[in-house]
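Chain residues, written in single-letter form:
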Amino acid sequence: MEPEWEAKFEPNSYGFRPGRSCHDAIEAIFNSIRYKAKYVLDADIAKCFDRINHDTLLKKLNTFPKIKRVIKKWLKAGYVDNQGTLFPTTEGTPQGGTISPLLANIALHGMDIGLWSMRIH
């Protein structure tokens with residue numbers, strides 16, 4: 001899934017992307033504002049991983065049914081606390097999960113297009 005989505009993601013998106021770092025983002029910002037003042041959005045979305053809507057994310061994935069079923073089961077698997085109690089999950093992706101950053105980027109994909117349309121001229 002990652003190669004497919006990497007081809008779709010906006011080039012000005014740097015969070016949790018392979019081969020990209022904070023230094024790359026800083027360099028891109030510097031090069032962009034060096035000659036003309038512009039706006040830069042640096043956002044930390046509170047509880048981003050915790051609140052991703054499963055249904056919306058699964059619709060946005062638009063992938064093979066088998067892959068979609070596996071991801072849905074993974075999202076809904078829940079977690080077990082120290083006492084062994086299972087808590088099912090109805091939203092969010094597991095923090096620390098290997099696919100969670102990719103799923104967060106997929107969930108947020110397209111958001112920057114809306115921000116561009118709101119920019120002040």
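Described below are features of the structure shown in this document.

What counts and what doesn't
Residues numbered from 1 in each chain as written. Predicted model: local features only at pLDDT ≥ 70, side-chain atom pairs only at ≥ 80, totals over all residues. Heavy atoms only, no water. Patch = residues over 30% accessible without salt bridge, like charges linked within 9 Å, V, L, I, M, F, W, Y side chains within 5 Å. Areas by Shrake-Rupley, 256 points an atom, 1.4 Å probe, with all protein chains shown as cover. Salt bridge = Lys/Arg side-chain N within 4 Å of Asp/Glu carboxyl O. Helix = DSSP H or I, 4+ residues; strand = E, 2+ residues; numbered from the N terminus. Phe/Tyr/Trp six-rings, centres within 6.5 Å; stacked < 30°, edge-to-face > 60°. Buried < 20%, exposed > 50% of the residue type's maximum accessible area, 1.4 Å probe, protein only. Lys NZ or Arg CZ within 6 Å of the ring centre and 35° of its normal. Contact = heavy atoms within 4.5 Å. Polar contact = N/O pair within 3.5 Å; in protein donor to acceptor, adjacent residues only side chain to side chain.

This brings us to a nonpolar patch on the surface. Among the surface-exposed residues, Ile29, Ile33 and Val40 lie close enough to one another that they form a single nonpolar patch of about 220 Å² accessible area. Examined against the element boundaries, Ile29 turns out to sit in helix 2 (residues 22–33).

Moving on to the packing of aromatic side chains. Inspection of every chain in the model, using the stated rule, returns three aromatic pairs. Pairing Tyr79 with Phe87 gives two aromatic rings, centres 5.2 Å apart and planes at 20°, and the pair type is stacked. Judged by its relative accessible area of 47%, Tyr79 falls in the partly exposed class. When the ring centre of Trp5 is taken as origin, the NZ or CZ atom of Lys8, which lies over that ring, is 4.4 Å away. In this arrangement the basic side chain of Arg20 is found over the ring face of Tyr14, its NZ or CZ atom lying 4.8 Å from the centre.

Turning our eyes to something else, we now look at the environment of Asp24. Within the fold, Asp24 resides in helix 2. On a C-alpha basis, the gap between Asp24 and Tyr14 in space is 7.8 Å, while along the polypeptide they are ten residues apart. Among all residues touching Asp24, those that are not within four sequence positions of it are Tyr14 and Gly19. Polar contacts involving the side chain of Asp24 include one to the main-chain amide nitrogen of Ser21, which spans 2.9 Å.

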